[in-house]
Amino acid sequence: MNQFRVTTAAGLVALITSPLFAITAEAADKVVLQIDGAAAPFYAPLYAGVEKGIFEKNGIEVEFIYAPAADILTNIAAGNVDFGFPNGDAVVAAAANGLPVKVVHTTYQRGIGALLAKADSGIKTYKDLKGKKIAVTSLASPNYLQLQVGLKQAGLSINDVSVEVVATGAIVQSLQAGQVDAIVFSELRKYNLEAGGTKVTMILSNDFLPSFGNVVVTSDKELAQNPDLVKRFTTAITQSYQWVIDGHTSDALDISLEKYTPTWPKDQKGILTTAFEQTFVPSVWQSPLTKEKGLGAADFAGWQKNADMLAEYKVIDSAPKAEDFVVDLSTIGQ
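The following paragraphs examine the structure supplied in this document. None of the values given here were measured: they were computed from a predicted structure. (Residues numbered from 1 in each chain as written. Predicted model: local features only at pLDDT ≥ 70, side-chain atom pairs only at ≥ 80, totals over all residues. Heavy atoms only, no water.)

Before going further, it helps to spend a moment on the overall build of the protein. Scanning the protein from N- to C-terminus turns up 16 helices and 10 strands. Dimensions along the principal axes, computed over C-alpha positions, put the protein at roughly 90 × 45 × 35 Å. Counting over 334 residues, the protein shows a buried share of 50%. Contacts in the protein between residues far apart in sequence, at least 24 positions, make up 78% of those at least 6 positions apart. Carbon together with sulfur atoms contributes 52% to the accessible area of the protein, which is approximately 15600 Å² in total. With 27 positive and 35 negative side-chain charges, the protein shows a spacing of 4 Å between the two charge centroids. (Helix = DSSP H or I, 4+ residues; strand = E, 2+ residues; numbered from the N terminus. Buried < 20%, exposed > 50% of the residue type's maximum accessible area, 1.4 Å probe, protein only. Contact = heavy atoms within 4.5 Å. Areas by Shrake-Rupley, 256 points an atom, 1.4 Å probe, with all protein chains shown as cover. Lys, Arg positive; Asp, Glu negative; His and termini not counted. Charge placed at Lys NZ, Arg CZ, Asp CG, Glu CD.)

Below is the structure:
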């Protein structure tokens, strides 16, 4: 028995030191992805990408951490994290401030902000908001900007409405309870409201203020020094989202709810499934552009329009050029 152990150990040493084993056992690149906000089922494709071995297949071991968008971009620029997943407006602001960040995967092809009102309120357009009470979560939020732009395009101003600042956890309830006439928040809350019996009128902010939700960013330095890593990472992102799109919405949500967001109410899965199937899959993660160029493709004209409008409304001092901070996904690593 002892001789068998010695022989086996010797064989194992020989195997480990062989060139073939060195290739197959090569360690994956460890990277940190800092995600906007907190762990939530909306990030299920990323979690599924880990659990289904998609990142591993691309030679990557990823760790998820969370922070506000502005902090993510500061960390990216400083080299504290490898990749970030902030909202697009924050990226434009960072680029305008000279931070060396690059969008390498336009994951969300459009923003998901929206004005929501009860269907029986009579509010069908922004013109109908005159004299109404509107809730936003912050006067520094993208939703407040959306409200201002929507009012201006309707021939009104912020002085024509009463704005209430309501915390994220209470804003939907404020509409349900009739404390406000409308809210400007996420279109996804439409599904929560309707599941609770409230019929809703919705006006998508993206229709008049093109923007982008979560996108993958990295630093100028990372992109220049490790283009192969960036390419493999964005490939893993694309494949993870494609797996969900290809009929695995329920599986991805199960992964999220069981392992990554266990405190999220399990009875919300039905609402989340509806949101994924009716919003995320058909028109947020996919667009006419992605049909042509693949998931994550960059709409440079859309990015530029967003930057120009942020400058017009004094959110940023001047608009950066989209080509300076957005990367054509197909050119990475070439």
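Sheet strands pair by backbone hydrogen bonding; their relative direction is either parallel or antiparallel. Sheet architecture is open: five strands sit in the order β7-β6-β8-β5-β9, paired in mixed fashion. What marks the edges here is a single partner per strand, and that holds for β7 (162-165) and β9 (200-204). This sheet shows a mean twist of 30 degrees between the axes of neighbouring strands, independent of strand direction. Relative to strand β8 (residues 182-186), strand β5 (residues 113-118) runs antiparallel, the two sharing five bridges. When the sheet's bridge partners are listed, Leu-116 is paired in β8 with Ile-183. (Pairing = 2+ DSSP bridges. Axes fitted to C-alpha atoms, helices over the stretch in contact; angles between N-to-C directions.)

Here we come to unusual backbone geometry. Positive phi values are uncommon outside glycine, yet Lys-314 reaches one of about 65 degrees. On the secondary structure map, Lys-314 appears in the loop between α15 (300-312) and α16 (322-325).

Okay, the layout of surface pockets next. In this model, the largest pocket occupies a volume close to 1200 Å³. Asp-36, Asn-87, Pro-142, Asn-143 and Phe-185 are the residues nearest the centre of the largest pocket, which is lined by 41 residues in total. For the lining of the largest pocket, the secondary structure elements donating two or more residues are α6 (88-96), α7 (142-153) and β8. In terms of residue class, the lining of the largest pocket is built from 23 nonpolar, 15 polar and three charged. In this structure, the second largest pocket occupies an estimated 370 Å³ of space. If you go around the second largest pocket, you meet 16 residues; those closest to its centre are Val-172, Arg-189, Asn-192, Trp-264 and Gln-268. Secondary-structure elements contributing two or more residues to the lining of the second largest pocket are α8 (171-176), α9 (189-195) and α13 (269-284). A total of four residues in the lining of the second largest pocket trace back to one element, the largest contributor, which is α8. (1 Å grid on protein atoms, 1.4 Å probe; cavity = no way out; pocket = protein on both sides within 12 Å on 5 of 7 lines; lining within 4 Å. Points joined across faces, edges and corners; volume = space filled by probe spheres on them. Nonpolar A, V, L, I, M, F, W, Y, C, P; charged D, E, K, R; others polar.)

A few words now on the pattern of salt bridges. Scanning all chains against the criterion turns up eight salt bridges. The closest approach of N and O atoms between Glu-187 and Arg-110, which form a salt bridge, is 2.6 Å. Linking Glu-187 in the loop between β8 and α9 with Arg-110 in the loop between β4 (101-105) and β5, this pair joins segments that are 77 residues apart in sequence. Since its relative accessible area comes to 11%, Arg-110 is described here as buried. Two residues, Lys-190 and Glu-194, come together in a salt bridge whose shortest N-O distance is 3.3 Å. Here Lys-190 and its partner Glu-194 are both found in helix α9, four residues apart, which amounts to about one turn of the helix. (Salt bridge = Lys/Arg side-chain N within 4 Å of Asp/Glu carboxyl O.)

The subject of this paragraph is the side chain of Asn-206. Relative to the helices and strands, Asn-206 is located in the loop between β9 and β10 (216-219). From its side chain, Asn-206 meets the backbone nitrogen of Gly-111 in a polar contact 3.1 Å long. For Asn-206, the side chain forms a polar contact with the main-chain nitrogen of Ser-211, separated by 3.0 Å. Residues within four places of Asn-206 in sequence aside, it is in contact with Arg-110, Gly-111, Gly-113 and Ser-211. (Polar contact = N/O pair within 3.5 Å; in protein donor to acceptor, adjacent residues only side chain to side chain.)

Attention shifts here to α6. In an α-helix, one turn spans 3.6 residues; hence positions three or four apart end up facing the same way. Counting buried residues in α6 gives seven out of nine residues, a clear majority hidden from the surface. Among all positions in α6, only Gly-88, Asp-89, Ala-90, Val-91, Val-92, Ala-94 and Ala-95 are buried. Residues of α6 that are buried sit in contact with α5 (69-78), β4, α7, β10, α15 and α16. Where α6 starts, the residue carrying a side-chain oxygen 3.2 Å from the main-chain nitrogen of Asp-89 turns out to be Asn-87. Positive backbone phi, approximately 85 degrees, marks Gly-98, located one or two places after α6.

Attention now moves to the packing of aromatic side chains. For any pair of aromatic rings, geometry is given as the distance between the ring centres together with the angle between the planes. One pass over the full model with this rule turns up 17 aromatic pairs. Between Phe-42 and Trp-264 the ring centres are 5.9 Å apart and the planes differ by 85 degrees, which places this aromatic pair in the edge-to-face class. A residue pair is termed long-range when its members are at least 10 positions apart, and Phe-42 in the loop between β1 (29-36) and α3 (44-51) and Trp-264 in the loop between α12 (249-260) and α13 qualify at 222 residues. Residue classification places Trp-264 among the partly exposed positions, given a relative accessible area of 25%. (Phe/Tyr/Trp six-rings, centres within 6.5 Å; stacked < 30°, edge-to-face > 60°.)

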